[in-house]
Amino acid sequence: CAHYLYNMKNKRRKILFNVGFIALIYALFFCYGRFIAVDGGVSSGVRFSSLITRSAATYDVPPALVAAVIHAESNFNPKALSNKGARGLMQITGGTARYLRLKNSHDPEQNVLAGCKYLRELIDLFNGNIMLAVAAYNAGPGAVNRYDGVPPYKETREYVKKVLGFFNIYRQFFTSGPLAS
């Protein structure tokens, strides 16, 4: 009898775990779906897609990468402000904003255009290595050079994983542009 009750408790735990896991998956898809618009077209299904596509084309940057950085940095919130002072969709800091001559960090068009320009510079600096460019976007190019690769900072390593994961997801929405396929 005790063995039967023990088995029943385990079965209930497994069922509750599975139901919880399924609920988590649905919640993730629901939250992810907030960033996918229904205005038609493949690449136009991503928030700010026309702005991302135009800005990425200006600097020959993969639009999927730009969308991935925006998703990781600001969650598509043009008014985002970090505790370190980074602002806008691509979370550009004050020093980088001055370097890029960005006047209004909260203006989506200016912010994304400046972020694309900076990504292009980083991609060129690291000979087309997207992973190192993304690491430099987070930790700075000096840190990437100093460690001759992705710096051992936990935040940067998690950031690179997150952005590259989003990059792979957004590739399906942006069918044109360099490195998009």
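The residue count restarts for each chain, going from 1 along the sequence in the order it is written. Only residues with pLDDT of at least 70 get local features here, since the model is predicted, and only at 80 or more are side-chain atom pairs given and counted; chain-wide, interface and lining totals rely on the full set of residues. Computation of side-chain values covers all heavy atoms of the structure but excludes hydrogens and water.

Colleague: So what about the nonpolar core? Which residues, and what values?
Modeller: Judged by nonpolar contacts, the single largest core of 45 residues is most densely connected at L65, V66, M90, Y137 and Y170. Contributions of two or more residues to this core are made by α2 (49-58), α3 (63-74), α5 (108-125), α6 (130-139) and α8 (154-170). Take this core: its biggest share by element is 8 residues, from α3. Contacts: residue pairs with any heavy atoms within 4.5 Å of one another. Discounting chain neighbours no more than four positions away, the residues touching Y137 are V69, E73, M90, I92, G115, Y118, L119, L122 and Y159. In these notes, a set of buried Ala, Val, Leu, Ile, Met, Phe, Trp, Tyr and Cys residues joined through side-chain atoms within 4.5 Å is what counts as a nonpolar core. Accessibility here uses a 1.4 Å probe with only protein chains present; expressed as a share of the type maximum, an area under 20% marks a residue as buried, one over 50% as exposed, and anything in between as partly exposed. Runs of H or I in DSSP of at least four residues are treated as helices and runs of E of at least two as strands, each being numbered from the N terminus.

Colleague: So what about the pattern of salt bridges? Which residues, and what values?
Modeller: A pairing counts as a salt bridge when a side-chain nitrogen of Lys or Arg comes within 4 Å of a carboxyl oxygen of Asp or Glu. Under the counting rule described, the total for this entry stands at 4 salt bridges. Among the salt bridges present, the one from E155 reaches K84, with a minimum N-O distance of 3.7 Å. You can see E155 sitting in helix α8 and its partner K84 sitting in the loop between α3 and α4 (94-99), a full 71 residues away along the chain. Of the charged contacts in the structure, one is a salt bridge between E158 and K154, with a shortest N-O distance of 3.9 Å. A residue pair is termed a helical-turn pair when its members lie 3 or 4 positions apart in one helix, as E158 and K154 do in helix α8 at 4 residues. Classification of E158 by relative accessible area gives partly exposed; the value is 45%. You can call K154 exposed: its relative accessible area is 62%.

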